[in-house]
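# Inside the fold
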Amino acid sequence: MIFADSGSDYASSKYVIHGVLFDGTSSFRTGSRWAPEAIRKASQNYEAYDFDCDRDLSELLVHDMGDTEYGNLNEMVVDLEKTTSRLVEDEKVPITLGGEHSVTFPCVKALAREMELVVVIFDAHLDFREDYLGNEFGHACVARNISDLGIPLIQVGIRSGARDEYKHALDTSVIYTMQQIRREGIKKILKEIGSSVRGRAVYLSIDMDSIDPAFAPGVGNPEPYGLTPLELRTAIRRLAPNVSGFDLVEITPDYDMGMSSMVGAKLVRDFLFAHSSFVTKTTIKEIV
Ligand code: MN
Ligand code: MN
């Protein structure tokens, strides 16, 4: 099964969906390797037409290249960077469906070689650990890995982390906590992020646990008091014009009745519609 209405061939496509079946460093709830298939299934629910953008998904030149399965973290990190680099060299926008959050770092490395990059992560957790279960590339280390490369990093929706993670994160990156979002509103924060990005390329990573577990309970590490799906859609629409790579990670389909995959598939569509509206010069303000 392919993502609904993503029937373009590779050569003519602008966007390439790639499922990464890896959840080897997840500890609390495993099973995010089943997410790409669950997201594709959920995508069949939606009608191709989007009223806000006045476009059919099938018009957007989306190719679904299927899944790659990895049994081993180090193999995944090396191989996924190569695969994503090929997509970037072919001038595609990679849309990576995890899998756990460790899939983000190799994708970021692939893009950072080609362009000046800012990484924006939506996550409940800081993911700033030096190592996790004995490995420096585990899913709880992804933000730390990116920051260690010297790539500017902005994290949004944060509400969990160890004391020393907060210290390192505050020293080296920009954090918008959930408290701050509730106090100031998502739109004000997105405006600030927009001005700090200043025309540079953005890699946008969505850890699904940034959303409140009331809306998306099927994730590896659920954390209450999160974003609404609508706030995240606003963020995706606002940031999409600058985005050169996108991922959506950490859905564990076995832990809910399909609602997290349903929201995930919708957010992927929202990204595609918002990004392509920018490409075809519709002003993004009209649809946020
Ligand atoms: Mn994460
Ligand atoms: Mn998380």
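Just above, that's the structure.
Residues numbered from 1 in each chain as written. Chains lettered and ligands numbered in written order. Predicted model: local features only at pLDDT ≥ 70, side-chain atom pairs only at ≥ 80, totals over all residues. Heavy atoms only, no water.

Looking now at the coordination of the manganese ion (ligand 2). Every protein donor of the manganese ion (ligand 2) is listed here as Asp-123 (OD), His-125 (ND1), Asp-207 (OD), Asp-209 (OD) and Asp-209 (OD), and their distances to the metal cover 2.0 to 2.5 Å. Going along the chain, you hit the donors of the manganese ion (ligand 2) in the pattern D-x1-H-x81-D-x1-D. The class for His-125 is buried, based on a relative accessible area of 14%. (Donors = N, O, S within 2.8 Å, 3.2 Å for Na, K, Ca; no water. Buried < 20%, exposed > 50% of the residue type's maximum accessible area, 1.4 Å probe, protein only.)

Time to look at the coordination of the manganese ion (ligand 1). For the manganese ion (ligand 1), the full set of protein donor atoms is His-101 (ND1), Asp-123 (OD), Asp-127 (OD) and Asp-207 (OD), and the range of their distances to it is 2.1 to 2.2 Å. For the manganese ion (ligand 1), the single-chain donor residues occur in sequence as H-x21-D-x3-D-x79-D. Separating the manganese ion (ligand 1) from the manganese ion (ligand 2) is a gap of 3.3 Å, which Asp-123 spans by donating to each of them. Separated by 22 residues along the polypeptide, His-101 in the loop between β5 (93-97) and α3 (104-112) and Asp-123 in the loop between β6 (117-122) and α4 (142-148) bring together distant segments of the chain. (Helix = DSSP H or I, 4+ residues; strand = E, 2+ residues; numbered from the N terminus.)

Attention shifts here to the packing of aromatic side chains. The final tally for this structure, using the stated rule, is two aromatic pairs. On the numbers, 5.7 Å between centres and 20° between planes, the contact of Phe-105 with Phe-137 is stacked. Here Phe-105 is found in helix α3, whereas its partner Phe-137 is found in the loop between β6 and α4, with 32 residues between them in sequence. Residue Phe-105 is classed as buried on the basis of its relative accessible area, which comes to 6%. Cation over ring: Lys-92 sits above Tyr-10, and NZ or CZ is 4.7 Å from the ring centre. Residue placement shows Lys-266 over the ring face of Tyr-46; its charged tip is 4.7 Å from the ring centre. (Phe/Tyr/Trp six-rings, centres within 6.5 Å; stacked < 30°, edge-to-face > 60°. Lys NZ or Arg CZ within 6 Å of the ring centre and 35° of its normal.)

On to the layout of surface pockets, then. Roughly 200 Å³ of volume is contained in the second largest pocket. Taken together, 16 residues line the second largest pocket, and the ones lying closest to its centre are His-125, Asp-127, Arg-129, Ala-140 and Asn-221. (1 Å grid on protein atoms, 1.4 Å probe; cavity = no way out; pocket = protein on both sides within 12 Å on 5 of 7 lines; lining within 4 Å. Points joined across faces, edges and corners; volume = space filled by probe spheres on them.)

As enumerated under the stated definition, the model contains 15 salt bridges in all. Residue Arg-237 is joined to Asp-52 by a salt bridge in which the shortest nitrogen-to-oxygen separation is 3.0 Å. With Arg-237 in helix α8 (residues 229-239) and Asp-52 in the loop between β2 (49-50) and β3 (55-56), this residue pair connects regions lying 185 residues apart in the sequence. Here Lys-188 ties to Glu-184 by a salt bridge, and the two come within 3.1 Å at their closest N and O atoms. Look at the salt bridges and you will find they share partners, linking Glu-37, Arg-40, Asp-64 and Asp-67 into a network. (Salt bridge = Lys/Arg side-chain N within 4 Å of Asp/Glu carboxyl O.)

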